[in-house]
Amino acid sequence: MPSPRKSRDPKTLRPATVLVHGGSLRSQFDETSEAMFLTQGYLYDTMEIAEARFKGEAPGFIYSRFSNPTVAMFEQRMALLEGAQAARATASGMAAVTAALMGQVKAGDHVVAARALFGSCLYVVEELLPRFGVETTLVDGADLDAWAKAMRPNTRTAFLESPTNPTLEVIDIAAVAQIVHKGGATLVVDNAFASPMTQKPLALGADCTVYSATKHIDGQGRTLGGVILASEAFIATHIHNFLRQTGPCLSPFNAWVMLKSLETMPVRVAAQQRSAERIAQYLSVHPRVKRVFYPGRADHPQYEIAAKQMSGGGTMLAFEILGGKKEAFAFANALSIIGISNNLGDAKSLITHPETTTHQRLKPEQRAALGIGPGLLRLSVGLEDVEDLCEDLARALG
Ligand SMILES: *Cc1c(COP(=O)(O)O)cnc(C)c1O
């Protein structure tokens, strides 16, 4: 009998390999594809084993609000990809953001955040935290002095997205991490726009990375999910009990969808990024386009920072067309392949008009400060043939 095949330490494997093999828990049936464990609970052979598991003295699962084998595989695969010690999956990206922030603070604490945030994140920072006695300060994320000035002795954590939604402004994550750490606080980065393939906030000095797995991780527009990545100590202190007791757990079905999606994520995101570069170039020379915002282009205001902290420009771009709302609507209505939707990171290319949708609730002066005008459109580039996408854009631009 030959000796059993050895398995490699997953920490020594490259990302694409980790995304196919990392974190797999094989059942007694030796399945090749990861199993979906649709179960709420787990049996214990004896009362003694139940007692030991509850005490944390024996390994094993207890209840699927706490953990589940399919969810654990997804968490482990994400942790290996990010080089994080620990990961926790959540029911949505917003559950991840809310837990990462609320898990760290108590009444009397202070939070600093960049002003350009995903709408629901802005709600958590601006409205929800203050209701529980947590003060918040919003700053211009690109202004490092503003971060330094906003820090107070009771600042517990700082929060940012980069690139931002929808104008794809890039914030220097390493520089903000330094400022925040000097003030004794932690940094949480929402990395949904960049995707795990183009940016690694933990490696840049962030203490915690959060994802809406709904976006590039699922990548095919099916299920919602989120994930929180950090050190063992961060998860144990701030996240573990918060998630267990409040219950925003990821369903095993959705975890299975995400787990299988991770296998193809490097191929998908690379192709989408190539197409985004090409489309950004195409739009930048079109006479009806005033301006293109794409972090992978040398004309992006923070191109140097993007080049330093991202491995590419990403799959998202924004552009302003000449005219205003009327021209923007007529253009988007004339598209036949690119769909009108506020979602992003999908295999299908999707376009949205931030002023009237995702950022509708902001005051006009808030929108102006973020550079969201009536001619601005945000495009999430999908997996279609880029020639078809360019033709679609060309036809609609007339
Ligand atoms: C989509 C998104 C979220 C929220 O994620 P859900 O899965 O929809 O809850 C948070 N932050 C960013 C940057 C996003 O794009």
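Look up a bit, the structure's there.
What this report covers is the structure whose coordinates are included nearby. As the structure is a computational prediction, the values presented were derived from the model and not from experiment.

## Describing unusual backbone geometry
When glycine is set aside, most residues are seen to have a negative phi, and most peptide bonds are trans.
Next up, step 1: Omega for the bond connecting Ser162 with Pro163 falls within 30 degrees of zero, at -10°, which places this linkage in the cis form.
Next up, step 2: The omega torsion across Asn165 and Pro166 is 0°, close enough to zero to call that bond cis.
Next up, step 3: Position of Pro166 relative to the elements: it lies in the loop between β4 (155-161) and α7 (173-182).
Next up, step 4: The phi dihedral of Leu168 is positive, around 55°, even though this residue is not glycine.
Next up, step 5: Turning to its location among the elements, Leu168 is positioned in the loop between β4 and α7.
Next up, step 6: For Leu168, a relative accessible area of 2% corresponds to the buried category.
Next up, step 7: Here Ser195, not a glycine, exhibits a phi torsion of approximately 75°, which is positive.

## A short note on the pairing of strand β1 (residues 86-90)
Next up, step 1: Across the five residues that make up β1, a large majority, four, are buried.
Next up, step 2: Strand direction decides the pairing type here: β1 and strand β7 (residues 226-230), joined by five bridges, are antiparallel. Within the sheet, the bridge partner assigned to Ala87 lies in β7 and is Leu229.

## Looking at α7
Next up, step 1: For α7, every residue scored as buried is listed here: Ile173, Ala175, Val176, Ala177, Ile179 and Val180.
Next up, step 2: Residues of α7 that are buried sit in contact with α6 (144-150), β4, β5 (186-190) and α10 (303-309).
Next up, step 3: Two to three positions downstream of the cap, the backbone nitrogen of Ala174 sits 3.4 Å from a side-chain oxygen, assigning the N-cap of α7 to Asp172.

Definitions and cut-offs
Residues numbered from 1 in each chain as written. Predicted model: local features only at pLDDT ≥ 70, side-chain atom pairs only at ≥ 80, totals over all residues. Heavy atoms only, no water. Helix = DSSP H or I, 4+ residues; strand = E, 2+ residues; numbered from the N terminus. Buried < 20%, exposed > 50% of the residue type's maximum accessible area, 1.4 Å probe, protein only. Pairing = 2+ DSSP bridges. Contact = heavy atoms within 4.5 Å. Polar contact = N/O pair within 3.5 Å; in protein donor to acceptor, adjacent residues only side chain to side chain.

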